[in-house]
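# Working through the structure, step by step
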Amino acid sequence: MKLIIKYLKRYKLLFILNAVSALGFALVELGIPTIVADIIDYGISGNNRTYIINGGLKILFVSVVGVMGTIIMGYCCAKISTGITHDIRLDLYKKIQKFSHNEFSEFKIAGLITRTNNDAFQIQLFVNTILRMAVLTPVMLIGSLILTYRSSSDLFWVIFATIPFIILGVIIVAKVTGPISEKQQRGLDDINRISRENLTGLRVIRSFNRQKSEEIRFSKTNEEFAHNSKLMFKIMQSTQPIFFLLMNIAVCRIYYVGAILISDGSLEIGKLVAFLDYLFHAMISMMLFCMIFMMYPRANVSAKRIQEVFDSDISIKNLSTEKLEDEENSFIEFRNVKYIKDGKTILNNINFTAKKGETIAIVGATGSGKSSLVRLIPRLSDPSEGEIRFNDKNIKYIDINNWRNKIGFVAQKAFLFKGSIRDNICFGNANAAEKDIIEAAEIAQAMDFISTRKSGFNDEIEENAANLSGGQKQRLSIARAIVRKPDIYIFDDAFSALDFKTDAKVRAALKSITGNAITFIVAQRISTIKDADKILVMNHGEIISSGKHNELLDNCKIYKDIVDSQIGLEEMLYEE
Ligand SMILES: Nc1ncnc2c1ncn2[C@@H]1O[C@H](COP(=O)(O)OP(=O)(O)OP(=O)(O)O)[C@@H](O)[C@H]1O
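- Per an unreviewed UniProt entry, the protein chain carries the name ABC transporter ATP-binding protein and comes from Peptacetobacter hominis.
- Taken directly from UniProt, the Subcellular location (unreviewed entry) text for the protein chain runs: "Cell membrane".

So, in structure tokens, the structure goes:
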């Protein structure tokens, strides 16, 4: 509720307008039965035509005012509820953008999607209901009860007796639906996760012929979700008939008591009609008011899930606004860096320096920590101990945007966005000139396939770059980094999908632009890294040796083993 109130505050004026129109509408609605009662008791019974016509005109006027109130209320409700959802989604998006690996592991991607879509929508529904009902129904309810009492105090006690049953019913429904709602939202998270996995991993599922088992996995989660949804639906649906049953019992009793009172002469027919009208208003208002309490548990679960995201601590913080100055002899230094994830030491005792103009290569067995090491540079994660310094400044205390702008990162898994080839390259530099885009594509050896495509740079890339090969995706990712003209290049296994010849051509072309930069290359192929100025050999999260290719061949057994295992491969032949 705190979350909803916080966002509602942004729409104060509309909220007041909504409340005033709701109040006006309620008062107008409450006036009609009294006019009708008077028409029956004085106009019809007294055969007074003028009284009847005047009464009719009064009803017409009151109805028009009521319609205007409803329209204004509807406008305010729609504007506020959609506005709040829009604001929540935007703030969620901004917060999620700051998440690091840690936060993604905590909330899971599917969970974040459900929170942004479904949970935000639940809040929209609740806010819409609350805005319509919160002012209107209490006024209608209290007003109707007062007017029923005024119409006939004898009859009033007949309906008053049903109120405790209704309140008890609402409390029970709210208590029962809260936990079901929580299960329902979690189930939706699971459905999202499995659907995502099944859609993105469709090829794997088919090639391993696992459609049946995946279908069972999906059905199980889907059934569980459907079960909870059905239960929720049944509870919510059964409340209305029960409510109307109670109401009809009260009405029957009122007719019975009313008939006795009329025959006694202590009640007029018009008053009974007004009484029933007010009773109807009172009961409907109470039912609608109860709906707020019944919807509350579900909205509360959604609000809590959204609030969890807002409250989560961001592990990668921007601690400074200090910008970097250009320096002639820049360098990066890893000082006693340790990186622990989920209690496991991924990197330990990492010490090395990389200078401007140097190429640092990182090799080692899979899982030895190569990617984890380079991910620390753009602060995708921060070291648990030790520090990374750029020009003798801890990178944690450099403005994060300024720092990241200096880096051209090519990730292990090439990710491209749906859009044109040009848009994807310009993702690295929105202001890139045409000649820079072409140059980047040429260096990345992407021109040959771009020029064969129907619309060249304007050719569309599908979702997940499904219409590109692995090597084409890698080349565009490389071009995207080059177009930035960064001071630091990081190629995390970025040449693995390229054939040996293209790999060699890309590296040769890169030399023309990386002369003034610091370049990190993570690779499995020795041919990719053997010319590096410094090669770091990693094993179990530690640098076990470093040096040039020839030095390592003499000093490092693991490196020599890697080289030996690749001797005779096509790339070596090509390099010769
Ligand atoms: N998000 C993560 N959460 C927990 N552990 C992780 C995470 N990412 C990587 N690891 C672990 O950290 C270790 C190093 O992984 P990393 O990806 O850095 O190795 P790598 O040398 O780049 O491997 P490869 O050559 O196979 O890409 C592995 O044991 C891996 O299981």
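## Some remarks on the sheet that holds strand 4 (residues 385-390)
- Strand order in the open sheet formed by four strands is 2-1-4-5, and the pairing between neighbours is antiparallel. Two strands lie at the open edges of the sheet, namely strand 2 (344-355) and strand 5 (393-394), each paired on one side alone.
- The pairing of strand 1 (residues 331-341) with strand 2 spans eight bridges and is classified as antiparallel. Pairing of Ile332 across the sheet is with Ala354, part of strand 2.

## Section: the site of the ligand
- The local shell around the ligand holds 15 residues, among which Lys344, Gly367, Lys370, Ser372 and Gln412 are the closest.
- Here an oxygen atom of the ligand and a backbone polar atom of Gly369 are 3.0 Å apart.
- Here an oxygen atom of the ligand sits 3.1 Å away from a polar atom, N or O, in the side chain of Gln524.
- A total of 630 Å² of accessible area belongs to the ligand in isolation, and the protein chains cover 69% of it.
- Looking at which element gives the most residues to the shell around the ligand, the answer is helix 12 (residues 370-375), with three residues.
- Split into classes, the residues belonging to the shell around the ligand amount to two nonpolar, nine polar and four charged.

## Here's the deal with the domain arrangement of the protein chain
- For the protein chain, the assigned domains read domain 1 (2-308) and domain 2 (326-406 + 528-576).
- Just the C-alpha atoms count here: the centres of domain 1 and domain 2 sit 60 Å apart.
- Contact with domain 1, which involves four residues of that partner, is made by four residues of domain 2.
- Put simply, domain 1 and domain 2 have zero salt bridges between them.
- Considered class by class, the residues forming the side of domain 1 that touches domain 2 number no nonpolar, four polar and no charged.

## A closer look at the UniProt feature "domain: ABC transmembrane type-1" (unreviewed entry) in the protein chain
- With numbering aligned to this structure, UniProt lists the feature "domain: ABC transmembrane type-1" (unreviewed entry) at residues 16-298.
- Strand forms 0% of residues 16-298 and helix 93%; the C-alpha atoms that close the span are 26 Å apart.

## Regarding helix 10 (residues 211-264)
- When the terminal C-alpha atoms of helix 10 are compared, their 78 Å separation across 54 residues agrees well with the 80 Å that a helix rising 1.5 Å per residue should span.
- Phi turns positive one or two residues past the end of helix 10, at Gly265, with a value near 85°.

## Notes on the nonpolar core
- Core analysis: the largest hydrophobic core is formed by 47 residues, its most contacted members being Ile425, Leu476, Ile478, Phe491, Ile529, Ile535 and Tyr559.
- Take this core: its biggest share by element is five residues, from helix 17 (residues 470-482).
- Not counting the four nearest positions on each side in its chain, Ile425 is found in contact with Ile437, Ala441, Phe457, Leu476, Ala479, Arg480 and Val483.
- Listed in part, the 31 residues of the second largest apolar core include Ile159, Met232, Val251 and Leu279.

## Thoughts on the pattern of salt bridges
- Under the criterion given, the structure shown has 27 salt bridges.
- Across the salt bridge formed by Asp119 and Arg305, the nearest N and O atoms sit 2.6 Å from each other. With Asp119 in helix 5 (residues 109-133) and Arg305 in helix 11 (residues 269-311), the pair connects residues that are 186 residues apart, well separated along the chain. Arg305 matches Asp119 in its accessibility class, with the two residues each being buried.
- Asp313 serves as the salt-bridge partner of Lys317, at 3.6 Å between the closest nitrogen and oxygen.
- A residue is classified by how much of its surface remains accessible, and Asp313, at 58% relative accessible area, is exposed.
- One salt-bridge network, held together by shared partners, links Glu333, Arg335, Glu387, Arg389 and Asp392.

Rules behind the numbers
- Residues numbered from 1 in each chain as written.
- Predicted model: local features only at pLDDT ≥ 70, side-chain atom pairs only at ≥ 80, totals over all residues.
- Heavy atoms only, no water.
- UniProt positions renumbered as here; feature names shortened; annotations may be inferred.
- Pairing = 2+ DSSP bridges.
- Helix = DSSP H or I, 4+ residues; strand = E, 2+ residues; numbered from the N terminus.
- Near = heavy atom within 4 Å.
- Polar contact = N/O pair within 3.5 Å; in protein donor to acceptor, adjacent residues only side chain to side chain.
- Areas by Shrake-Rupley, 256 points an atom, 1.4 Å probe, with all protein chains shown as cover.
- Nonpolar A, V, L, I, M, F, W, Y, C, P; charged D, E, K, R; others polar.
- Domains from an automatic or database assignment.
- Contact = heavy atoms within 4.5 Å.
- Salt bridge = Lys/Arg side-chain N within 4 Å of Asp/Glu carboxyl O.
- Expected span 1.5 Å × (residues − 1).
- Core = buried A, V, L, I, M, F, W, Y, C linked by side-chain atoms within 4.5 Å.
- Buried < 20%, exposed > 50% of the residue type's maximum accessible area, 1.4 Å probe, protein only.

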